[in-house]
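Given next are the chains, with one letter for each unit.
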Amino acid sequence: MQAFATQPYERIATSYPAPNNHILHSLLVRSSVQLLGTETWTARFPALAGILAVPLMFLLGRNLFLSQYAGLVAAWLLAVMPAHFCYSQVAHGYSSSILLSILALLFAKRAVDEGKYRLWAAFGLSGILGAWTLPSNAFLVVSLGVWAVLVGDVNVRRKAVATTLAWHRTTRWVRWPPPSICTSVPRHPTLRSSNTSC
C-alpha cells in the first residue's frame with residue numbers, strides 16, 4: 001500500500017513503475033483509505049472482490065454448462081481454492097483480476113449466445129478494467145475475442161471484432177500500458193542480464 005496507494009490519483013492511474021502495481025486496485029485502495037481511514041482492513045477492503053467472484057462463478061458455470069449443479073460445483077471449487085482464499089485476504093489486485101476475468105468470460109459467452117450490443121460493451125468494459133488491474137489480462141480479452149470470432153455466426157464475428165478493436169483503441173486512450181512500463185522493464189532485476197528492451 002505504501003508504494004502505490006498513497007500516491008495521488010493521477011499518478012496511480014498513469015504510472016506503472018513495477019509489475020506489482022495493480023492500477024485499478026491501487027485506485028480502489030486509495031479511495032477506501034481516504035473514505036474509511038488508514039486501518040489495515042480498509043486497505044484490504046477492495047480485495048473483497050474475491051467474495052463477489054464466488055456467486056459470479058456460479059453464474060458462469062451455469063451459463064457455460066447449462067446446469068445449476070455445474071455452477072454450484074464451480075462456485076464451490078473457487079471458494080475453497082487456497083490461492084483464491086489467499087488472494088481474497090491480501091491487499092493486492094489479484095482478487096479483482098479474478099472477478100473481472102470471470103465477468104469478461106460471462107459477458108463474452110452471453111454476447112455470443114444473445115448477440116446484444118450491451119453484452120459486448122460489458123465484455124469490453126470488464127476487459128479494460130481487468131487489464132488495468134493486471135496487464136496480463138489483456139491476453140484473456142484478446143483470447144475471448146478470437147474465441148467469439150471462431151464460434152460465432154457472421155453477426156457475432158462482426159461484433160466480436162468491433163469490440164476487440166474498440167477495446168484496443170480504448171486501452172490506447174487510457175494510456176495502457178503506461179509509457180513508464182517501457183522504462184521500468186529493463187530495470188527489473190530478473191531482466192537485467194537479458195537483452196530485452198521495449
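Computed from a prediction, not measured in an experiment: that's the story for all the values here.

Attention shifts here to the nonpolar core. Counting 33 residues, the largest nonpolar core has I102, W120 and F123 as the members making the most contacts within it. Those elements that provide at least two residues to this core are helix 1 (9–14), helix 2 (23–36), helix 4 (49–65), helix 5 (68–80), helix 7 (94–114), helix 8 (117–133), helix 9 (137–151) and helix 10 (154–173). Counting residues per element, this core draws most heavily on helix 7, which supplies 10 residues. Discounting chain neighbours no more than four positions away, the residues touching W120 are A111, V112, G115, A148, V156, K159, A160 and T163.

Scanning the entire structure with this criterion turns up 3 salt bridges. When the shortest N-O distance is used, the salt bridge between K109 and D113 registers 2.7 Å. In this pair, K109 and D113 both sit in helix 7, 4 residues apart, roughly one turn of the helix. On the basis of relative accessible area, K109 is assigned to the buried category, the value being 15%. Between E114 and K116 there is a salt bridge, with its nearest N and O atoms 3.8 Å apart. Within this structure, R110, E114 and K116 form a network of salt bridges that share partners.

Along the polypeptide, N137 turns up in helix 9. Take N137: its relative accessible area is 9%, and that puts it in the buried class. In contact with N137, other than residues within four places in its own chain, are S97, S101, G130 and A131.

Both trends apply: most residues other than glycine have a negative phi, and most peptide bonds are in trans. The phi dihedral of L66 falls on the positive side, at around 55°, and the residue is not glycine. Here L66 shows up in the loop between helix 4 and helix 5.

Moving on, we get to the confidence of the model for the chain. The predicted model of the chain has a mean per-residue pLDDT of 79, with 82% of residues at 70 or higher. No element of the chain has a lower mean pLDDT than helix 11 (residues 180–184), which averages 42, and none a higher one than helix 5, which averages 94. For the stretch residues 176–198, pLDDT sits under 50, and the model shows 23 contacts to residues farther than four places along the chain or on other chains.

At a minimum axis distance of 10 Å, the contact between helix 7 and helix 9 shows a crossing angle of 15°. The orientation of helix 7 with respect to helix 9, classified from their angle, is roughly parallel. Regarding helix 7 and helix 9, the two cross each other, and that crossing is right-handed. Across the interface between the two elements, S97, S101, A104, L105, A108, K109 and V112 of helix 7 pack against N137, L140, L144, W147, A148 and V151 of helix 9.

Let us now look at the packing of helix 2 against helix 8. At a closest axis distance of 5 Å, the pairing of helix 2 and helix 8 adopts a crossing angle of 85°. Judged on the interaxial angle alone, helix 8 and helix 2 are roughly perpendicular. Residues I23, L24 and L27 of helix 2 lie in contact with helix 8, whose contacting residues are L129, W132 and T133. Residues belonging to the contact of helix 2 with helix 8 are distributed by class as follows: 5 nonpolar, 1 polar and no charged.

Three- or four-residue spacings in an α-helix give side chains the same orientation, since the helix completes a turn every 3.6 residues. Compared with an ideal rise of 1.5 Å per residue, which puts 21 residues at 30 Å, helix 7 spans 30 Å between its outermost C-alpha atoms and is within 8% of the ideal. Most of helix 7 is tucked away: 15 of the 21 residues are buried. Where helix 7 ends, the next residue or the one after it, G115, has phi of about 70°, a positive value.

Cut-offs used in this document
Residues numbered from 1 in each chain as written. Predicted model: local features only at pLDDT ≥ 70, side-chain atom pairs only at ≥ 80, totals over all residues. Heavy atoms only, no water. Core = buried A, V, L, I, M, F, W, Y, C linked by side-chain atoms within 4.5 Å. Buried < 20%, exposed > 50% of the residue type's maximum accessible area, 1.4 Å probe, protein only. Helix = DSSP H or I, 4+ residues; strand = E, 2+ residues; numbered from the N terminus. Contact = heavy atoms within 4.5 Å. Salt bridge = Lys/Arg side-chain N within 4 Å of Asp/Glu carboxyl O. pLDDT = per-residue confidence, 0-100. Axes fitted to C-alpha atoms, helices over the stretch in contact; angles between N-to-C directions. Parallel < 35°, antiparallel > 145°, perpendicular 65-115°, else oblique. Left-handed = near helix turned anticlockwise from the far one by under 90°. Nonpolar A, V, L, I, M, F, W, Y, C, P; charged D, E, K, R; others polar. Expected span 1.5 Å × (residues − 1).

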